[in-house]
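Results of the structural survey
Spelled out from the first residue to the last, the chains are:
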Amino acid sequence: MFAVKKLVEKASIKKPGGNSSDGLKASDVDPRLLFHNGVPSGAANFAFDNTHMILAISTKDGRIKLYGKGNSQGLLESSEPLPSKFLQFIQNQGILINVTSNNHIEVWDIDKKLLSDAYIVKEEITSFAVIQHSLYMYIGYSNGNISVLKIDQEPWHMVQMQYTIPLSASYGDSEVPDDTVVTHILPQPAAESKRVLIIFRNGQIILWDIRESKTVFKTGGNMSQPLHSETKKVSSACWSCPFGSKVVVGYNNGEIFIWSIPSLNVGRDSSASAPDHNSTQNTPLLKLNLGYKSEKIPIGSMKWIYAEGKASRLYVMGDCDDASSLNSLQVVLLNDNIESRTIKLGLHLSESCVAMELISASSNEQSKHRQESLILIGKSGHIYQYDDGLIERYLIQSQSKSSPSLPKEVTVKLPFADSSITTSKFISNTTNILNIEEEYYRELIKNYPPLITVETNQKDGSTLSSAKFTGFSKVQNLYITGHSNGALNFWDASCPLFIPILQLKQQSENDFSLSGIPLTALFFDSTYPLLVSGDQSGTVRLFRFKPEPYTTNSFMSLTGSSKKGTDHIIQSVKVLKTNGAVLSMNINHSSTHLAIGSDQGHVSVFSMDGPTLLYQKNIASEISAGIVDLQFLTCSLQGFEKNILAVGTKDSSIFALDTETGNTLGNGSVHPKKPSRALFMQVLEGQGNSEDATTKQSYILLCSEKALYVYSLVHAVQGTKKVLYKKKFHSSSCCWASTFHSNNDIGLMLLFTNGKVELRSLPELSLIVETSIRGFNYSPPKLGSFSDIQMCCSSRGDLVLVSGDQEILVFSTLVQSKIFRLLDFVSTIYSKERMTSQEELVPSQAIHKEKKKGIFSSVIKDLTGGKEKHAPIAETEDSKESIQELSVIFSNPNFPSETDNNDNLTADEDDLDLNIDDIDIDDHEEKHREQNKLGLGALNKKKLAGKFHALKGKLKEMKGNIHKTSAKEDQQEEQAGTVDQIKKKYGFSSYSCSNETSAAKLSESKLRDNLNKLQGINVKTTEMQDTAKSFSSLANQVLRTAEQDRRSS
C-alpha cells in the first residue's frame, strides 16, 4: 500500500524575529521508506523467476513488490503511478521488465533495486514475450507489427534490433482485415530461436520462421459468427504441448479451441508434422466446453502445466465480475490421451480473480522436493494460494469412482493473530544499543512464516516463532497492538519482521479469558513499567509488570496455548470503569494521577495508588462530544505555579482544568470560528528564541482535519483566544498528526487522506519537507467501527502504518536514524553471487576468434558442428550456438525499406569502383571476423553471386587495360634505349635522361605488381564464387542428413 517519495525540501526554516539556526531544519530530516512487509494494495499482476525463486507483484499505482528466499522482501516504485500491462523476469539475470500502461518499458535491476532504463515506445504495445535464456524479447503492437528488443549489460539498457516482423509479411499479400492487433507472441517450445507463433485479435494464427523471415503455417480461420453477426476476438492463449505442437486459444465469447501447430520436435505420440510451408488449416483440433460460453464469460487468462502421465492440466480464469459464477476459475485435465469425459475442478473463491500464476517452490538441495503452487489475485487485491499437488490429486482421483476432497485456498496475510488491530503504540528505546548478536535475529527471520511459500522447507500454517523476552529494557523497538477481541500483543520490532514476545489475555486478577471487546486506547510507560489499556465499553485495565529480567520462555502463543502463564511477568491487574469508549489517557508522574477521556465527553482522574476516582467531569458539546487528548502541565498564573490538565475535544475546543479539583479555569474554552474534527493536541513547553530567555513561552498546538492552530498557553488557560500561528489545509483533509523530536528540536508530522505527508517546524508551522505515500487512501470509519489503517509513531518520528492483515510499513523521519537490525539482510532479494550457472546464461555479442580458414569455413563449421557428425539432430532449446545465431539474425534488417534498398544499392555500386592500390591479396590476420559473419547473415545468395560476377568482370576489364599499357610501355622502352646508345657513341652523357628512365622503371615495376595482384584477385574471386554457390546445397545436405538421423533414431 505504501511507498514514500520526497517532493519538496526547503533549505532552511525561516523563523520570524529569531535566529535561523534554531529549530528543526531540512538538513535534520530525511523521510524515507525503511521496509514494507506484506501485500501492497491494488495488486494486479504476477511475475516469477523460477531460477532464483523470486515472485513479483505489480500494483495499479506503479509499485512492484518482490518476495525472495529467506523471507526477503523489497518494494520498487515507478516514476509514474500507472498499472502494468506486462511483467516478466529475464531468468537468472536479476532483471525485471515492466511494461506500463503508457507504453514505457522499464528495466529494473533487482540486485540494486534501481530503475536501470525506461524505453519509451510511441505505438501501443499489445503483446510482449521474452525469449527464454536470452536477453531478447518481442514487442507486438496494435497495428499488427512486431519488433525485437534486446537488453545490453552494464548498465542494463534497452536496444532496438533491426529485425522486424511487419504485418504485411506475417499476414501475407491478401487483403488485411481491420482488427489485426497482435494479442499474443509465443516462441515455440524447443525451437524458440527458430520459430514463433503470432496470434492476432481477429483469431488469425501464424507460425513465423525467424531465419527465413516468412510465414510457414496459418490457422485460426474465419472467426465471424453469421448467426449473431458478431466477430469473436482472441482474449487468451498458451501452449498446451511441451514440443509446441498444440496451442490453446480462448475467446471473448467464452469458447476455447485447441489448434494443431506443426513442430519438428513432436513426441512420438503426437500426430503433428513438420512445418508445411505456406500451409493453412482452419479447423481446430479440439473444442473445450467448460461452461464459459453459455454464461458469455470471456476467457481472461490460461496457464498450462506439464506433468507426467495423464496429469497435465489447463488452468482457465474467466474475466467476470460475478464471484458467484461456477465458471470463474477452473482446472481441467488436458493431455494427448484426453478422454471424452472432461475431468475438471472448479475453484470457488469469495471474489473474482484478476490474475494467476504457477510458482514452483524448491528446497536448497537439488533433489526431487519441489512444490507447485497456484496463486491468485482477487478483485480486492488480496492474494490466494492453492497447493497444486492437491489439485492434481483431485483431478486424478476424479477419474475413478472415489470422491476426493476439494483443495482449500490459503489467504495470504500478515501473521498478526486472528483478530484485527484496533489501536497501537510504537516505542523506540534510544538508549539501547544493539546488545544482542545479529545471528540470533537471523535465526528468527529464517523461521518466520512466509507470506507466500517459495521454498519447500517453509510450511503453510507454520507457527510464528517467539523472540527471547527477558524484559522491555532489552528490546530496541517495542510495538504494542490492541485487538478487536480484547487481546494485547507485544512485538520485538528491532528487525524489519516484527517478532512476538508477549500476549496478554488477562482481564482481571482471576479472569484470564479474552473479553471479546475491542481495545480503543493504550498508554505505556517503561519507567514503572506500566501498561494501561482502555476498551470500547469504558473498561480500563492497569497492568503492572514485575522487575526484570524475566525468564526466556514466557511467550504465550497467538493461538492461546502456553507452557507457562504470565504470573512471573504481571505483578498486578487493576480494573477501572468510565462512561463511554476510552479515547485518550495520560499519567502525571509526579502525582501518579491517571486521566481518562471518553467518546461521551467524560474526563475521569484516578489516583493509581488505589486506584481511586478523584473526580469526573463531563464536557458537553453541541457539535461532537469526545476527548481526543489529555495532558498534565504546570503553568505560571499571576506569579503562582498552577497544576493544570489541558483537555482537547473533538470539536476543536481546548479547556484548562484544575488538576486537583477538576474545575474549569478562566472564562471557558478556546476554539476556532469554524471548528472541524480535532485529531491531536500537544503542549509545547519552553519554546521560543534562544537569544532572550525572557521571550520563551509555552504554546498549545491543536491539529484538526482542516487547519493547524498554535495558541498562547497562558492566554488559553485564562480562556482567552490568542492565535500565534495558523495554517489551513485546502487540497485534502488531514487524518493523523503527531510531534517528533530531534535532539533538542521538535517537529510536526501530518498525514493527509490522499497520502501526502508534511513535516513542519514548531511553533511557526513552516513547511520543511513534503512527502507522499503512494497507495495510501484513508476513509474515516463509520460510527461504531474501526479503521483498517492504524498509525502510530515513536518520539523520534519513526512511523508505523498497518493496513488490516495485509501490509505494514515503517519509515524513518530523521537523518541517519538507524532503527532496524539486519535491514540489508532482509531486503536482499537477489545477488549476483547467487547466479545459478554462467554456462546457462546468454552469451555476449563477442564471438571467439579462430584461425583464418576462409570467409565461409567458420560459418559452415558452426552449422555442421565441426567433425561431430553424430550430434543430436533434434532441435535443442537455448543453446549458446542458437542464441549466437539469433544475435546475428536480429542484428541485421530482414525487411529493409525501399530507401534503405536504394542506399544499399548505391553503396554496392560505389564499392565496385576499386582502387587497385588499395587491394591487399595476403590476409596477414583475420580482422573483424564477427562483422564478416554478421554481414554474411544478411546477404542474399543471389545478390552475393551477382556481386562476385560484377567484381570479376570489372577486374577482367582492368586486367586487359593493364596488359595493353604494359605492351605499349615496353615498345617505348626499346625506343628510348636506342636513342641513349647513339648519344653515348658520340660522347653525349645520358644523365639528363636518367630521371625519366627511373620514373619509367618505377612505373613498370608498379604495373607488374598490380598485374600480379589482379591475377591473385581473379583466383580468389573464383574460389569465393564457387564457395558461395555450394553454400546453399551444403546447408540443405546437412539438414537432410539431420532429418534422416532423427527419423532413424
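So, a few notes on the structure that sits alongside this text. Note that the coordinates shown come from a computational prediction; the quantities given were computed from them, not determined experimentally.

A few words now on the overall build of the chain. The number of helices and strands found in the chain is 11 helices and 59 strands. Here the chain holds 1049 residues, and 51% of them are scored as buried. In the chain, of all internal contacts separated by at least 6 residues, the share reaching a separation of at least 24 is 59%. When the accessible surface of the chain is totalled, it reaches about 49,800 Å², and 48% of it is carbon and sulfur.

What follows is about the sheet that holds strand β14 (residues 157-165). Strand pairing within a sheet occurs via backbone hydrogen bonds; the two strands may be parallel or antiparallel. Strand order in this open sheet of four strands is β11-β12-β13-β14, and the pairing throughout is antiparallel. Two strands in the sheet have a free side with no partner beyond their single neighbour: β11 (125-130) and β14. Sheet twist, expressed as the mean angle between neighbouring strand axes with direction ignored, is 30°. Running at roughly 75° to β14, helix α7 (residues 880-890) makes contact with β12 (136-141), β13 (146-152) and β14 of the sheet.

The next point concerns a positive patch on the surface. On the surface, a cluster of positive charge is made up of K673, K674, K721, K726 and K728. Structurally, K728 can be placed in strand β52 (residues 723-728). A relative accessible area of 44% places K728 in the partly exposed class.

What follows deals with the state of the cysteines. Applying the stated criterion across every chain yields a total of zero disulfides. Residue C320 stays outside any disulfide, its sulfur separated by 9.0 Å from that of C353, the closest cysteine. A disulfide-free cysteine, C793 has its sulfur positioned 7.4 Å from the sulfur of C792, the nearest such atom.

Two descriptors summarise a pair of aromatic rings, namely the distance from one centre to the other and the angle between the planes of the rings. Under the criterion given, the structure shown has 19 aromatic pairs. Joined through ring pairs, the aromatic side chains of Y136, Y138, Y163 and F890 make up one cluster. In this arrangement the basic side chain of K756 is found over the ring face of F752, its NZ or CZ atom lying 4.5 Å from the centre.

Here we take up the pairing of strand β23 (residues 256-260). Every other side chain in a regular strand lies on the same face of the sheet, so the side chains alternate between the two faces. Within β23, five of the five residues are buried, leaving the element largely enclosed by the surrounding structure. Two elements, strand β22 (residues 246-251) and β23, share five bridges in a ladder whose sense is antiparallel. The residue bridging G250 from the neighbouring strand is I256, located in β23. Linking two consecutive strands that pair antiparallel, namely β22 and β23, is a turn of four residues; a positive phi of about 95° is found at G254 within it. Direction of pairing for β23 relative to strand β25 (residues 286-288): antiparallel, over a ladder of three bridges. From the neighbouring strand, F257 faces β25, where its bridge partner is K287.

With that settled, the discussion passes to the nonpolar core. L55, I57, I383, I452, Y479, F498 and V800 are the most contacted members of the largest nonpolar core, which totals 43 residues. Counting residues per element, this core draws most heavily on helix α3 (residues 438-446), which supplies four residues. Setting aside residues no more than four positions away along its own chain, Y479 makes contact with I421, S424, K425, F426, N489, F490, W491, A493, F498, C792, V800 and V802.

Among the secondary structure elements, S712 is positioned in strand β51 (residues 707-712). Beyond its immediate stretch of four places on either side in the chain, S712 contacts Q697, S698, K722 and L724.

Those residues of helix α2 (residues 388-398) lying buried are D388, I391, Y394, L395 and S398. Considered in projection along α2, the buried side chains sweep an arc of 115° and stay on one side of the axis.

A word on unusual backbone geometry. Of note, the bond from Y528 into P529 is cis; its omega dihedral lies within 30 degrees of zero at -10°. Tracing the backbone through its elements, the reader meets P529 in the loop between β38 (519-525) and β39 (530-535). Residue P763 is reached from L762 by a cis peptide bond, and omega for that bond is 10°. The backbone phi angle of L765 is positive, close to 65°, even though this residue is not glycine. Looking at L765, the relative accessible area reads 4%, which means it is buried.

Following the sequence through the fold, L451 ends up in the loop between α3 and β35 (477-483). Residues L451 and Y67, spaced 384 residues apart in sequence, show a C-alpha to C-alpha distance of 8.7 Å. In this view, L451 contacts N37, G38, Y67, Q73, Q385, V412, K413 and L414; residues no more than four positions away in its chain are not counted.

This part is about the pattern of salt bridges. Inspection of every chain in the model, using the stated rule, returns 15 salt bridges. Taking the shortest distance from any N to any O, the salt bridge between E77 and R774 comes out at 3.0 Å. Of this pair, E77 sits in strand β6 (residues 73-77) while R774 sits in the loop between β56 (767-773) and β57 (789-793), and the two are 697 residues apart along the sequence. The exposure class of E77 is partly exposed, given its relative accessible area of 23%. For R774, a relative accessible area of 10% translates into the label buried. Across the pair D179 and K233 runs a salt bridge whose closest N-O atoms are separated by 3.9 Å. Here K233 lies in the loop between β20 (230-231) and β21 (234-239) and D179 lies in the loop between α1 (167-171) and β15 (182-187), a separation of 54 residues in the sequence. Of the residues examined, D179 reaches a relative accessible area of 19% and is grouped as buried. The exposure class of K233 is partly exposed, given its relative accessible area of 33%. Connected through salt bridges with shared partners, the residues D179, R201 and K233 form a single ionic network.

Parameters at a glance
Residues numbered from 1 in each chain as written. Predicted model: local features only at pLDDT ≥ 70, side-chain atom pairs only at ≥ 80, totals over all residues. Heavy atoms only, no water. Helix = DSSP H or I, 4+ residues; strand = E, 2+ residues; numbered from the N terminus. Buried < 20%, exposed > 50% of the residue type's maximum accessible area, 1.4 Å probe, protein only. Contact = heavy atoms within 4.5 Å. Areas by Shrake-Rupley, 256 points an atom, 1.4 Å probe, with all protein chains shown as cover. Pairing = 2+ DSSP bridges. Axes fitted to C-alpha atoms, helices over the stretch in contact; angles between N-to-C directions. Patch = residues over 30% accessible without salt bridge, like charges linked within 9 Å, V, L, I, M, F, W, Y side chains within 5 Å. Salt bridge = Lys/Arg side-chain N within 4 Å of Asp/Glu carboxyl O. Lys, Arg positive; Asp, Glu negative; His and termini not counted. Charge placed at Lys NZ, Arg CZ, Asp CG, Glu CD. Disulfide = S-S within 2.5 Å. Phe/Tyr/Trp six-rings, centres within 6.5 Å; stacked < 30°, edge-to-face > 60°. Lys NZ or Arg CZ within 6 Å of the ring centre and 35° of its normal. Core = buried A, V, L, I, M, F, W, Y, C linked by side-chain atoms within 4.5 Å. Arc of directions from axis to C-beta.

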